[in-house]
Amino acid sequence: MSSATAIAHPNIALVKYWGKRDAALNLPAVGSISITLDTLATTTSVQFDSDLDRDTLSLDGQSSETSLGRVSACLDLLRARAGVDTRAAVSTSNNFPTGAGLASSASGFAALVTAADAALSLDLPPQTRSILARQGSGSAARSIFGGYVEMHLGKASDGSDCFAEPLLDAPDWPMTVTVAVVSKTSKKVGSTEGMELTRHTSPYYDAWVAGQSADLDEARSAIEARDFDKLAEISEHSCLKMHALAAAARPGLVYLQGPTLEAMHRVRALRASGCGVFFTIDAGPQLKAISLPEHRGQVTSALADIDGVVEILQSGLGEGARVV
Ligand code: 2P0
(Lines give C-alpha, C1' and ligand atoms only; values in the text may rest on other atoms or scores of the structure.)
Protein backbone atom coordinates (compact mmCIF):
# COMPACT_ATOMS: atom_id res chain seq x y z
CA MET A 1 0.00 0.00 0.00
CA SER A 2 1.16 3.51 -0.69
CA SER A 3 -0.72 6.67 0.07
CA ALA A 4 -0.45 10.45 0.12
CA THR A 5 -2.65 13.43 0.90
CA ALA A 6 -2.63 16.74 -0.98
CA ILE A 7 -4.39 20.04 -0.63
CA ALA A 8 -5.36 22.34 -3.50
CA HIS A 9 -7.40 25.51 -3.78
CA PRO A 10 -10.02 26.55 -6.30
CA ASN A 11 -9.05 29.25 -8.72
CA ILE A 12 -11.17 32.00 -10.20
CA ALA A 13 -10.60 32.90 -13.84
CA LEU A 14 -10.30 36.59 -14.64
CA VAL A 15 -9.94 35.88 -18.37
CA LYS A 16 -12.28 32.95 -18.80
CA TYR A 17 -11.83 29.49 -20.29
CA TRP A 18 -14.98 28.51 -22.17
CA GLY A 19 -14.82 26.06 -25.08
CA LYS A 20 -12.68 23.12 -26.14
CA ARG A 21 -10.75 22.46 -29.31
CA ASP A 22 -10.44 18.74 -28.52
CA ALA A 23 -12.93 17.18 -26.11
CA ALA A 24 -11.12 13.80 -25.90
CA LEU A 25 -7.81 15.30 -24.72
CA ASN A 26 -9.67 18.15 -23.00
CA LEU A 27 -7.73 20.81 -24.87
CA PRO A 28 -9.14 24.32 -24.40
CA ALA A 29 -10.01 26.50 -27.40
CA VAL A 30 -8.68 29.55 -25.53
CA GLY A 31 -6.01 30.36 -22.95
CA SER A 32 -7.07 31.82 -19.59
CA ILE A 33 -5.76 33.77 -16.59
CA SER A 34 -6.79 33.04 -13.01
CA ILE A 35 -6.10 33.69 -9.36
CA THR A 36 -5.72 30.84 -6.86
CA LEU A 37 -7.54 31.19 -3.53
CA ASP A 38 -6.36 30.24 -0.05
CA THR A 39 -9.12 29.65 2.51
CA LEU A 40 -11.32 27.51 0.23
CA ALA A 41 -9.66 24.13 -0.11
CA THR A 42 -9.98 20.55 -1.27
CA THR A 43 -8.10 17.87 0.64
CA THR A 44 -7.64 14.56 -1.14
CA SER A 45 -6.07 11.31 0.01
CA VAL A 46 -5.15 8.59 -2.46
CA GLN A 47 -4.30 5.12 -1.24
CA PHE A 48 -3.12 2.57 -3.79
CA ASP A 49 -3.99 -0.88 -2.47
CA SER A 50 -3.34 -4.18 -4.28
CA ASP A 51 -6.32 -5.72 -2.43
CA LEU A 52 -8.76 -3.44 -4.29
CA ASP A 53 -10.29 -4.72 -7.52
CA ARG A 54 -11.66 -1.27 -8.49
CA ASP A 55 -11.09 2.37 -7.64
CA THR A 56 -13.38 3.86 -5.01
CA LEU A 57 -14.28 7.48 -4.35
CA SER A 58 -15.60 9.11 -1.23
CA LEU A 59 -16.65 12.75 -1.64
CA ASP A 60 -17.32 14.67 1.58
CA GLY A 61 -17.76 11.35 3.41
CA GLN A 62 -20.22 9.79 0.92
CA SER A 63 -19.47 7.22 -1.72
CA SER A 64 -19.71 8.92 -5.13
CA GLU A 65 -20.28 6.86 -8.28
CA THR A 66 -21.06 9.86 -10.52
CA SER A 67 -17.56 11.34 -10.42
CA LEU A 68 -15.73 7.99 -10.19
CA GLY A 69 -15.31 7.56 -13.97
CA ARG A 70 -13.46 10.86 -14.38
CA VAL A 71 -11.35 10.20 -11.28
CA SER A 72 -10.40 6.68 -12.46
CA ALA A 73 -9.51 7.98 -15.93
CA CYS A 74 -7.23 10.58 -14.34
CA LEU A 75 -5.60 7.95 -12.07
CA ASP A 76 -5.05 5.75 -15.17
CA LEU A 77 -2.78 8.47 -16.59
CA LEU A 78 -0.64 8.38 -13.45
CA ARG A 79 -0.70 4.56 -13.24
CA ALA A 80 0.52 4.40 -16.86
CA ARG A 81 3.46 6.69 -16.01
CA ALA A 82 4.32 4.57 -12.95
CA GLY A 83 3.86 1.29 -14.86
CA VAL A 84 1.42 -0.09 -12.29
CA ASP A 85 -2.17 -1.26 -12.39
CA THR A 86 -2.97 -1.00 -8.68
CA ARG A 87 -6.45 0.38 -7.84
CA ALA A 88 -6.89 3.21 -5.38
CA ALA A 89 -9.22 4.41 -2.66
CA VAL A 90 -9.71 8.16 -3.06
CA SER A 91 -11.16 10.25 -0.29
CA THR A 92 -11.77 13.92 -0.93
CA SER A 93 -13.43 16.73 0.97
CA ASN A 94 -14.22 20.35 0.19
CA ASN A 95 -14.69 23.06 2.79
CA PHE A 96 -17.10 24.86 0.38
CA PRO A 97 -20.21 23.88 -1.69
CA THR A 98 -19.41 21.31 -4.42
CA GLY A 99 -20.51 21.82 -8.03
CA ALA A 100 -22.07 25.25 -7.68
CA GLY A 101 -19.68 27.37 -9.70
CA LEU A 102 -16.99 27.45 -7.03
CA ALA A 103 -14.46 25.51 -9.07
CA SER A 104 -14.52 22.30 -7.04
CA SER A 105 -13.37 20.35 -10.10
CA ALA A 106 -10.32 22.63 -10.36
CA SER A 107 -9.11 22.10 -6.80
CA GLY A 108 -10.32 18.48 -6.91
CA PHE A 109 -8.27 17.31 -9.89
CA ALA A 110 -5.23 19.39 -8.87
CA ALA A 111 -5.28 17.73 -5.43
CA LEU A 112 -5.94 14.28 -6.94
CA VAL A 113 -2.99 14.44 -9.36
CA THR A 114 -0.68 15.85 -6.68
CA ALA A 115 -1.62 13.17 -4.14
CA ALA A 116 -1.43 10.31 -6.66
CA ASP A 117 1.94 11.57 -7.95
CA ALA A 118 3.31 11.46 -4.39
CA ALA A 119 1.71 8.11 -3.55
CA LEU A 120 3.30 6.55 -6.66
CA SER A 121 6.64 8.33 -5.96
CA LEU A 122 6.62 9.75 -9.49
CA ASP A 123 7.85 13.18 -8.42
CA LEU A 124 6.55 14.80 -11.61
CA PRO A 125 7.38 18.49 -12.19
CA PRO A 126 4.48 20.95 -11.69
CA GLN A 127 4.15 21.52 -15.46
CA THR A 128 3.51 17.80 -16.02
CA ARG A 129 1.04 17.68 -13.13
CA SER A 130 -0.70 20.66 -14.75
CA ILE A 131 -1.05 18.71 -18.02
CA LEU A 132 -2.45 15.68 -16.17
CA ALA A 133 -4.83 17.81 -14.10
CA ARG A 134 -6.05 19.49 -17.31
CA GLN A 135 -7.14 16.10 -18.63
CA GLY A 136 -9.30 15.72 -15.52
CA SER A 137 -10.74 19.24 -15.75
CA GLY A 138 -9.44 22.17 -17.79
CA SER A 139 -9.46 24.66 -14.93
CA ALA A 140 -7.57 22.20 -12.66
CA ALA A 141 -4.39 22.81 -14.67
CA ARG A 142 -4.32 26.30 -13.13
CA SER A 143 -4.81 25.18 -9.49
CA ILE A 144 -1.43 23.40 -9.57
CA PHE A 145 0.05 26.89 -9.12
CA GLY A 146 -0.59 29.70 -6.63
CA GLY A 147 -1.13 33.43 -7.10
CA TYR A 148 -1.77 34.74 -10.61
CA VAL A 149 -1.65 31.97 -13.21
CA GLU A 150 -1.88 31.74 -16.99
CA MET A 151 -3.15 28.67 -18.81
CA HIS A 152 -1.50 28.39 -22.20
CA LEU A 153 -3.53 27.42 -25.21
CA GLY A 154 -0.64 25.47 -26.74
CA LYS A 155 -0.32 24.35 -30.34
CA ALA A 156 0.54 20.64 -30.15
CA SER A 157 -2.25 18.25 -31.09
CA ASP A 158 -1.29 15.92 -28.21
CA GLY A 159 -1.61 18.72 -25.62
CA SER A 160 2.04 18.48 -24.55
CA ASP A 161 2.34 22.30 -24.51
CA CYS A 162 -1.07 22.92 -22.97
CA PHE A 163 -0.31 23.64 -19.31
CA ALA A 164 -0.51 26.50 -16.82
CA GLU A 165 2.35 28.64 -15.53
CA PRO A 166 2.58 31.14 -12.67
CA LEU A 167 2.60 34.85 -13.59
CA LEU A 168 2.97 36.39 -10.14
CA ASP A 169 3.11 34.99 -6.60
CA ALA A 170 0.21 35.70 -4.27
CA PRO A 171 2.15 38.01 -1.86
CA ASP A 172 3.36 40.15 -4.77
CA TRP A 173 -0.12 41.66 -5.31
CA PRO A 174 -2.53 40.77 -2.49
CA MET A 175 -6.21 40.67 -3.33
CA THR A 176 -9.35 39.67 -1.43
CA VAL A 177 -12.02 37.52 -3.06
CA THR A 178 -15.49 37.87 -1.54
CA VAL A 179 -17.94 35.26 -2.75
CA ALA A 180 -21.65 36.10 -2.55
CA VAL A 181 -23.21 32.62 -2.45
CA VAL A 182 -26.65 32.72 -4.07
CA SER A 183 -27.35 29.00 -4.28
CA LYS A 184 -25.69 25.90 -2.83
CA THR A 185 -27.35 23.42 -5.17
CA SER A 186 -25.34 21.89 -8.02
CA LYS A 187 -25.88 23.50 -11.39
CA LYS A 188 -28.21 21.84 -13.93
CA VAL A 189 -25.83 22.07 -16.88
CA GLY A 190 -22.20 21.37 -15.98
CA SER A 191 -19.33 23.30 -17.53
CA THR A 192 -18.18 20.47 -19.80
CA GLU A 193 -21.64 20.06 -21.35
CA GLY A 194 -22.24 23.82 -21.40
CA MET A 195 -19.00 24.49 -23.25
CA GLU A 196 -19.75 21.91 -25.92
CA LEU A 197 -23.29 23.23 -26.39
CA THR A 198 -21.88 26.75 -26.75
CA ARG A 199 -19.21 25.64 -29.21
CA HIS A 200 -21.76 23.93 -31.43
CA THR A 201 -24.66 26.38 -31.25
CA SER A 202 -23.66 29.88 -30.12
CA PRO A 203 -23.36 32.33 -33.03
CA TYR A 204 -20.78 34.31 -31.02
CA TYR A 205 -18.37 31.43 -30.47
CA ASP A 206 -15.91 32.26 -33.27
CA ALA A 207 -15.71 35.90 -32.18
CA TRP A 208 -15.04 34.75 -28.60
CA VAL A 209 -12.14 32.53 -29.66
CA ALA A 210 -10.73 35.21 -31.98
CA GLY A 211 -10.76 37.89 -29.25
CA GLN A 212 -9.15 35.90 -26.46
CA SER A 213 -5.50 36.51 -27.27
CA ALA A 214 -5.94 40.31 -27.00
CA ASP A 215 -7.81 39.92 -23.69
CA LEU A 216 -5.01 37.76 -22.31
CA ASP A 217 -2.37 40.31 -23.38
CA GLU A 218 -4.32 43.07 -21.66
CA ALA A 219 -4.80 41.14 -18.41
CA ARG A 220 -1.18 39.95 -18.35
CA SER A 221 0.13 43.49 -18.73
CA ALA A 222 -2.32 44.80 -16.08
CA ILE A 223 -1.00 42.16 -13.67
CA GLU A 224 2.64 42.95 -14.49
CA ALA A 225 1.97 46.67 -13.91
CA ARG A 226 -0.27 46.04 -10.84
CA ASP A 227 -2.85 48.21 -12.63
CA PHE A 228 -6.07 47.46 -10.73
CA ASP A 229 -8.42 49.56 -12.90
CA LYS A 230 -7.15 47.92 -16.07
CA LEU A 231 -7.49 44.44 -14.56
CA ALA A 232 -11.02 45.29 -13.37
CA GLU A 233 -12.08 46.42 -16.84
CA ILE A 234 -10.69 43.46 -18.76
CA SER A 235 -11.93 40.92 -16.19
CA GLU A 236 -15.52 42.18 -16.20
CA HIS A 237 -15.38 42.30 -20.00
CA SER A 238 -14.25 38.66 -20.22
CA CYS A 239 -16.90 37.56 -17.71
CA LEU A 240 -19.77 39.35 -19.44
CA LYS A 241 -18.59 38.13 -22.84
CA MET A 242 -18.57 34.51 -21.61
CA HIS A 243 -22.07 34.80 -20.19
CA ALA A 244 -23.39 36.49 -23.37
CA LEU A 245 -21.85 33.73 -25.47
CA ALA A 246 -23.38 30.97 -23.34
CA ALA A 247 -26.76 32.73 -23.21
CA ALA A 248 -26.78 32.76 -27.02
CA ALA A 249 -26.38 28.94 -27.23
CA ARG A 250 -29.46 26.86 -28.08
CA PRO A 251 -30.99 26.27 -25.63
CA GLY A 252 -29.45 29.31 -23.96
CA LEU A 253 -27.46 28.89 -20.76
CA VAL A 254 -28.38 31.39 -18.08
CA TYR A 255 -26.20 30.96 -15.01
CA LEU A 256 -27.02 34.35 -13.48
CA GLN A 257 -29.89 34.67 -11.03
CA GLY A 258 -31.67 37.76 -9.68
CA PRO A 259 -29.37 38.26 -6.68
CA THR A 260 -26.32 37.81 -8.94
CA LEU A 261 -27.49 40.73 -11.12
CA GLU A 262 -28.16 42.88 -8.07
CA ALA A 263 -24.65 42.07 -6.79
CA MET A 264 -23.12 43.05 -10.15
CA HIS A 265 -24.78 46.49 -9.93
CA ARG A 266 -23.65 46.95 -6.33
CA VAL A 267 -20.04 46.12 -7.21
CA ARG A 268 -20.10 48.64 -10.06
CA ALA A 269 -21.63 51.31 -7.80
CA LEU A 270 -18.89 50.69 -5.24
CA ARG A 271 -16.20 50.99 -7.91
CA ALA A 272 -17.74 54.24 -9.18
CA SER A 273 -17.48 55.58 -5.62
CA GLY A 274 -13.73 54.89 -5.52
CA CYS A 275 -13.61 51.39 -4.03
CA GLY A 276 -11.13 49.02 -5.69
CA VAL A 277 -13.43 46.14 -6.62
CA PHE A 278 -14.70 44.27 -9.68
CA PHE A 279 -16.85 41.19 -10.22
CA THR A 280 -16.52 37.90 -11.98
CA ILE A 281 -19.01 35.02 -12.26
CA ASP A 282 -18.48 31.46 -13.44
CA ALA A 283 -20.84 28.67 -14.51
CA GLY A 284 -23.14 29.22 -11.55
CA PRO A 285 -24.98 32.05 -9.79
CA GLN A 286 -22.31 32.98 -7.21
CA LEU A 287 -20.71 36.39 -7.65
CA LYS A 288 -17.03 36.74 -6.86
CA ALA A 289 -15.96 40.26 -5.96
CA ILE A 290 -12.22 40.80 -6.33
CA SER A 291 -11.00 43.72 -4.28
CA LEU A 292 -7.95 45.35 -2.85
CA PRO A 293 -7.68 43.96 0.71
CA GLU A 294 -8.31 47.38 2.32
CA HIS A 295 -11.80 47.48 0.73
CA ARG A 296 -12.95 44.05 1.90
CA GLY A 297 -15.21 45.46 4.66
CA GLN A 298 -17.12 47.72 2.29
CA VAL A 299 -17.52 44.90 -0.23
CA THR A 300 -18.79 42.46 2.40
CA SER A 301 -21.43 44.84 3.71
CA ALA A 302 -22.61 45.76 0.20
CA LEU A 303 -23.10 42.11 -0.77
CA ALA A 304 -24.26 40.59 2.53
CA ASP A 305 -27.57 42.43 2.71
CA ILE A 306 -28.77 41.52 -0.79
CA ASP A 307 -31.98 39.48 -0.66
CA GLY A 308 -31.08 35.98 -1.84
CA VAL A 309 -27.40 36.06 -0.88
CA VAL A 310 -27.29 33.13 1.54
CA GLU A 311 -23.67 33.23 2.60
CA ILE A 312 -20.51 35.27 2.19
CA LEU A 313 -17.18 33.46 1.82
CA GLN A 314 -13.91 35.32 1.84
CA SER A 315 -10.44 34.38 0.73
CA GLY A 316 -7.09 35.83 -0.04
CA LEU A 317 -4.77 34.49 -2.72
CA GLY A 318 -2.96 31.29 -1.97
CA GLU A 319 -0.46 28.64 -2.96
CA GLY A 320 -0.54 25.91 -5.54
CA ALA A 321 -1.37 22.24 -4.94
CA ARG A 322 0.93 20.54 -2.44
CA VAL A 323 1.39 17.37 -0.44
CA VAL A 324 0.51 17.64 3.25
C1 2P0 B 1 -12.95 29.13 -15.99
N2 2P0 B 1 -14.95 27.73 -16.05
O3 2P0 B 1 -12.09 29.65 -16.73
C4 2P0 B 1 -14.29 28.85 -16.62
C5 2P0 B 1 -15.23 29.97 -16.48
C6 2P0 B 1 -16.30 28.02 -15.69
C7 2P0 B 1 -16.56 29.36 -16.19
O8 2P0 B 1 -13.20 26.40 -16.29
O9 2P0 B 1 -14.84 20.51 -18.98
O10 2P0 B 1 -14.83 22.42 -14.90
O11 2P0 B 1 -13.73 19.98 -16.82
O12 2P0 B 1 -12.52 21.24 -18.60
O13 2P0 B 1 -12.65 23.19 -15.90
C14 2P0 B 1 -15.11 25.36 -15.55
O15 2P0 B 1 -14.80 24.36 -16.43
O16 2P0 B 1 -14.43 22.26 -17.38
C17 2P0 B 1 -14.37 26.52 -15.98
P18 2P0 B 1 -13.85 20.92 -17.97
P19 2P0 B 1 -14.08 23.00 -16.04
O20 2P0 B 1 -12.76 28.93 -14.78
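Scoring rules and cut-offs
- Residues numbered from 1 in each chain as written.
- Predicted model: local features only at pLDDT ≥ 70, side-chain atom pairs only at ≥ 80, totals over all residues.
- Heavy atoms only, no water.
- Axes fitted to C-alpha atoms, helices over the stretch in contact; angles between N-to-C directions.
- Helix = DSSP H or I, 4+ residues; strand = E, 2+ residues; numbered from the N terminus.
- Parallel < 35°, antiparallel > 145°, perpendicular 65-115°, else oblique.
- Left-handed = near helix turned anticlockwise from the far one by under 90°.
- Contact = heavy atoms within 4.5 Å.
- Core = buried A, V, L, I, M, F, W, Y, C linked by side-chain atoms within 4.5 Å.
- Buried < 20%, exposed > 50% of the residue type's maximum accessible area, 1.4 Å probe, protein only.
- Domains from an automatic or database assignment.
- Buried area = accessible area lost by both parts, 1.4 Å probe.
- Salt bridge = Lys/Arg side-chain N within 4 Å of Asp/Glu carboxyl O.
- Polar contact = N/O pair within 3.5 Å; in protein donor to acceptor, adjacent residues only side chain to side chain.
- Near = heavy atom within 4 Å.
- Areas by Shrake-Rupley, 256 points an atom, 1.4 Å probe, with all protein chains shown as cover.
- Nonpolar A, V, L, I, M, F, W, Y, C, P; charged D, E, K, R; others polar.
- Expected span 1.5 Å × (residues − 1).
- Arc of directions from axis to C-beta.
- Phe/Tyr/Trp six-rings, centres within 6.5 Å; stacked < 30°, edge-to-face > 60°.
- Pairing = 2+ DSSP bridges.

**A few points about the packing of helix 6 (residues 205-224) against helix 7 (residues 228-247)**
Relative orientation of the contacting elements helix 6 and helix 7 amounts to 160 degrees, with a least axis distance of 9 Å. Considering the angle they form, helix 6 stands roughly antiparallel to helix 7. The crossing of helix 6 and helix 7 is left-handed. Across from Tyr205, Trp208, Gly211, Asp215, Glu218, Ala219, Ser221, Ala222 and Ile223 in helix 6, the residues of helix 7 making contact are Lys230, Leu231, Glu233, Ile234, His237, Ser238, Lys241, Met242 and Leu245.

**What to know about the nonpolar core**
One finds Val46, Phe48, Val71, Leu75, Leu78, Val90 and Leu112 to be the most contacted residues of the largest nonpolar core, which totals 35 residues. Look past the residues within four positions of valine 71 in its chain and what remains in contact with it is Leu57, Val90, Phe109 and Leu112. Core analysis: the next-biggest nonpolar cluster, separate from the first, contains 30 residues, Ile33, Ala170, Met175 and Val179 among them.

**Remarks on the environment of glycine 274**
You can see glycine 274 is positioned in the loop between helix 8 (258-272) and strand 13 (277-281). Glycine 274 sits in the exposed class, given a relative accessible area of 59%. Counting along the chain gives 21 residues from glycine 274 to histidine 295, while the straight-line C-alpha distance between them is 9.9 Å.

**Thoughts on the domain arrangement of the chain**
On domain assignment, one finds that the chain holds domain 1 (2-171) and domain 2 (176-315). On a C-alpha basis, the centroid separation for the pair domain 1 and domain 2 is 23 Å. Taken together, the contacts link 32 residues of domain 1 with 46 residues of domain 2. For the pairing of domain 1 and domain 2, the buried interface totals around 3100 Å² over both sides, and the portion due to carbon and sulfur atoms is 67%. Counting across the interface, domain 1 meets domain 2 through two salt bridges. Residue arginine 220 is joined to glutamate 150 by a salt bridge in which the shortest nitrogen-to-oxygen separation is 2.6 Å. The interface formed by domain 1 and domain 2 holds twelve residue pairs in polar contact (both at pLDDT 80 or more) in total. Those elements that provide at least two residues to the side of domain 1 that touches domain 2 are strand 2 (11-15), strand 3 (20-22), strand 5 (32-36), strand 10 (148-151) and strand 11 (164-168). The greatest single-element share of the side of domain 1 that touches domain 2, amounting to four residues, is contributed by strand 2.

**Description of the site of the ligand**
Around the ligand there are 18 residues in total, and Lys20, Arg70, Gly138, Ser139 and Thr192 lie nearest to it. Within the side chain of tyrosine 17, an N or O atom sits 2.7 Å from an oxygen atom of the ligand. Expressed as a share of its isolated accessible area of 470 Å², the protein-covered part of the ligand is 93%. Looking at the shell around the ligand, its residues break down into six nonpolar, seven polar and five charged. When residues of the shell around the ligand are sorted by domain, at least three fall in each of domain 1 (2-171) and domain 2 (176-315).

**Here's the deal with helix 1 (residues 68-82)**
An ideal rise of 1.5 Å per residue puts 21 Å on 15 residues; helix 1 measures up with 21 Å between its terminal C-alpha atoms. Of all the residues in helix 1, the buried ones are Leu68, Val71, Ser72, Cys74, Leu75, Leu78 and Arg79. Buried residues in helix 1, looked at end-on, bunch into an arc of 165 degrees, giving them a common side. A positive phi of about 70 degrees marks glycine 83, the residue just after helix 1.

**Focus on the packing of aromatic side chains**
Following the criterion strictly, the structure yields three aromatic pairs and no others. Ring centres 5.7 Å apart and planes at 15 degrees place the aromatic pair tyrosine 148 and tryptophan 173 in the stacked group. With a gap of 25 residues between them, tyrosine 148 in strand 10 and tryptophan 173 in the loop between strand 11 and strand 12 (176-181) connect regions that are remote in the sequence. Residue classification places tyrosine 148 among the buried positions, given a relative accessible area of 1%. On the accessibility criterion, tryptophan 173 (8% relative accessible area) is buried. Ring centres 5.5 Å apart and planes at 50 degrees place the aromatic pair phenylalanine 228 and phenylalanine 278 in the tilted group. Taken together, the residues phenylalanine 228 in helix 7 and phenylalanine 278 in strand 13 connect sequence positions 50 residues apart.

**Some details on the side chain of threonine 280**
Looking at the secondary structure, you find threonine 280 in strand 13. Of note is the side chain of threonine 280, whose polar atom sits 2.7 Å from the side chain of lysine 16. Setting aside anything within four residues of it in sequence, one finds threonine 280 in contact with Ile12, Ala13, Lys16, Cys239, Gln286, Leu287, Lys288 and Ile290.

**Side note on the sheet that holds strand 15 (residues 311-315)**
Reading across the sheet, the four strands line up as 13-14-12-15 and stay open at both edges, with antiparallel pairing between neighbours. Strands with a single pairing partner mark the edges of an open sheet, and in this sheet they are strand 13 and strand 15. For this sheet the average axis-to-axis angle between neighbouring strands, irrespective of direction, equals 25 degrees.

**Regarding unusual backbone geometry**
A cis geometry characterises the amide bond from arginine 250 onward to proline 251, with omega recorded as -5 degrees. Considering the arrangement of structural elements, one finds proline 251 in the loop between helix 7 and helix 8. A positive phi angle, near 50 degrees, is found at arginine 226, a position not held by glycine. The class of arginine 226 is partly exposed, set by a relative accessible area of 36%.

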